[in-house]
Amino acid sequence: MLGDTLSIYLLRRITTTEVNPLNAAMFGMQFGSALSSAQAATRMQRLQNKYAGQSARRARELDQKVLIRKADETAEAFAQQAFDREVAAMEMESMANVMAGEGGVSGISVQRIMDDINRQEGLQEVRQDKSFDSAMESIRDENEASIQNMINRYMGLPPVPSVNPLAVAINTAAPYVQSGALDDVDFGNLFGGSDKGTT
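Residues numbered from 1 in each chain as written. Predicted model: local features only at pLDDT ≥ 70, side-chain atom pairs only at ≥ 80, totals over all residues. Heavy atoms only, no water.

Caption draft 1: Focus on the packing of aromatic side chains. Taken as a whole and assessed by the stated rule, the structure comprises 1 aromatic pair. Centre to centre, the rings of Phe 78 and Phe 132 are 5.3 Å apart; their planes meet at 70 degrees, and the pair counts as edge-to-face. Of the two residues, Phe 78 is situated in helix 2 (residues 21-103) and Phe 132 in helix 3 (residues 108-155); the sequence distance between them amounts to 54 residues. Classification of Phe 78 as buried rests on a relative accessible area of 16%. Judged by relative accessible area, Phe 132 falls into the partly exposed class, the value being 25%. (Phe/Tyr/Trp six-rings, centres within 6.5 Å; stacked < 30°, edge-to-face > 60°. Helix = DSSP H or I, 4+ residues; strand = E, 2+ residues; numbered from the N terminus. Buried < 20%, exposed > 50% of the residue type's maximum accessible area, 1.4 Å probe, protein only.)

Caption draft 2: Region of the structure containing a nonpolar patch on the surface. A grouping of Leu 22, Met 26 and Met 29 is seen on the molecular surface, where their side chains present a nonpolar patch of about 300 Å² in accessible area. With respect to the helices, strands and loops of the structure, Met 29 is situated in helix 2. Residue class for Met 29 comes out exposed when judged on its relative accessible area of 53%. (Patch = residues over 30% accessible without salt bridge, like charges linked within 9 Å, V, L, I, M, F, W, Y side chains within 5 Å. Areas by Shrake-Rupley, 256 points an atom, 1.4 Å probe, with all protein chains shown as cover. Salt bridge = Lys/Arg side-chain N within 4 Å of Asp/Glu carboxyl O.)

Written out as structure tokens, the structure is:
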């Protein structure tokens, strides 16, 4: 706000002193144009950042939906495999019992066959559990990468420039000062003091 006040004051003082009216008009137009351009650039950057942020959030939401569906499908597939494994083990036990009965085998021999079937089922279960854990860990890694990607997109947004009317006024006045067009302006008196004409 101080910049706004100073730049308006500076503009008024310059345009009300004994300066060529054409120079004052040109300064006023250039100042207005430069200030409008700076404000438009700020609005444009703010809009670009807003839409880039929305895009990053939408991409993250889509990734999250895909990963949730992938986790559900993976869990369902492994549950089906576990069920199929148990059914196959029961069928093998049943078949072993039938074959043992038809062959007249009983006792320890049949028990060893049953123990072997149970051991193989247990090994398959351990392997499938490890595979399931690995698949779920991979999904968690993808989720972390998705979150990091969104954060990186946010961090990569350029800052919104602030509009400083005083700086715009000074930049606009610089060519006039250098060319001598504002030699009649009492810059010392612009802010309350005067040293023009002192020796």
